[in-house]
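Okay, here's what each chain looks like letter by letter:
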Amino acid sequence: MKKLLGLALMAVMAGGALADAPELGMFFSATAFDQEHTNFNPAGAPFNAFIVFFPMGNVELVGGYEVGITVPASLFVLGASGPNGWTNFGSSVNHLAGYGFPLPAPEEGVVLCTLQVLYGAANPAVIEYGPANPQSVPGHDGPVIANGANPDDLISCWLVTGEINGVVATIFGGGVIAVENHTWTGVKSLFE
C-alpha cells in the first residue's frame, strides 16, 4: 500500500508544477542562499541585494527575466548590474532584463542581478516580488524567466517561499522561510 501511494504521489507530482517549478528569491549574499541571508540589518551605508534564480527542472540557461519589485519608500535602489551582458529595459524596481548571451543556471542557484541599495530608516520593512509591468505571461502574478536555450519559452516562476508573489526579504526583520525543494530526490526520499 505504501509503495502504491508513493507511486501515485510521484505520478501526480510529475504532471504538476511542483516537480520542476523554478523559483526566485532575494538574498543579501552572493553565495549563501538560505533563510539567514533573506534579512539584513543595515548600518546606514549602501549594501547589496541579489536576485537569485533556482531552476528546479530542466532549465540550464537563462536568457532573461521579468520581476516587479516592491520596496518601502525609504529604500533606494542606487544601481543594478548583472552578468553576461545584462541589460534592463525596465526600471530599478521593474526588471525587464535580458542577457547578451545566456546565463548558466546550476541547480544550487545563480545570481541574476545585483542591486546596490540604501535604506534610510530604522524600522522593519519587507521587499516583495510580483509580476513585471507589462506582463509577458498574462494571468501569472509572479516573476518570469526566458529559457536561454529557447527565448520564446517563457517560464512562470514561484518564489522560494512557495508563493507566486509576496515577501522575499526583510530589513530589520526575521527573513523569509523557504519551502523545501520540490525535486525528484526530495520526493523519493519521502518513501525510503
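Residues numbered from 1 in each chain as written. Predicted model: local features only at pLDDT ≥ 70, side-chain atom pairs only at ≥ 80, totals over all residues. Heavy atoms only, no water.

**Concerning the overall build of the chain**
Logical step 1: Helix and strand counts for the chain come out as two helices and 13 strands.
Logical step 2: The 192 residues of the chain split such that 43% are buried.
Logical step 3: Sequence-distant contacts, at least 24 apart, represent 71% of the contacts inside the chain between residues at least 6 apart.
Logical step 4: Summed over its atoms, the accessible surface of the chain is roughly 9500 Å², and 58% of this surface lies on carbon and sulfur atoms. (Helix = DSSP H or I, 4+ residues; strand = E, 2+ residues; numbered from the N terminus. Buried < 20%, exposed > 50% of the residue type's maximum accessible area, 1.4 Å probe, protein only. Contact = heavy atoms within 4.5 Å. Areas by Shrake-Rupley, 256 points an atom, 1.4 Å probe, with all protein chains shown as cover.)

**Quick look at the environment of A49**
Logical step 1: As for its placement among the helices and strands, A49 is situated in strand β3 (residues 47-54).
Logical step 2: Look at A49 and you get buried, because its relative accessible area is 2%.
Logical step 3: Sequence-wise, A49 and V77 are 28 residues apart; in three dimensions their C-alpha atoms are separated by 9.7 Å.
Logical step 4: In contact with A49, other than residues within four places in its own chain, are M26, F27, F28, C113, T114 and L115.

**Section: unusual backbone geometry**
Logical step 1: For the peptide bond that leads from N133 to P134, omega is 5°, which places it in the cis range.
Logical step 2: Counting through the fold element by element, P134 comes out in the loop between β9 (125-130) and β10 (144-147).
Logical step 3: Backbone geometry at N84 places phi at a positive 55°, although glycine is not the residue there.
Logical step 4: Position of N84 among the secondary structure elements: in the loop between β5 (75-81) and β6 (87-88).
Logical step 5: Using a relative accessible area of 19% as the deciding quantity, one classes N84 as buried.
Logical step 6: Even without being glycine, F172 reaches a positive phi, approximately 50°.

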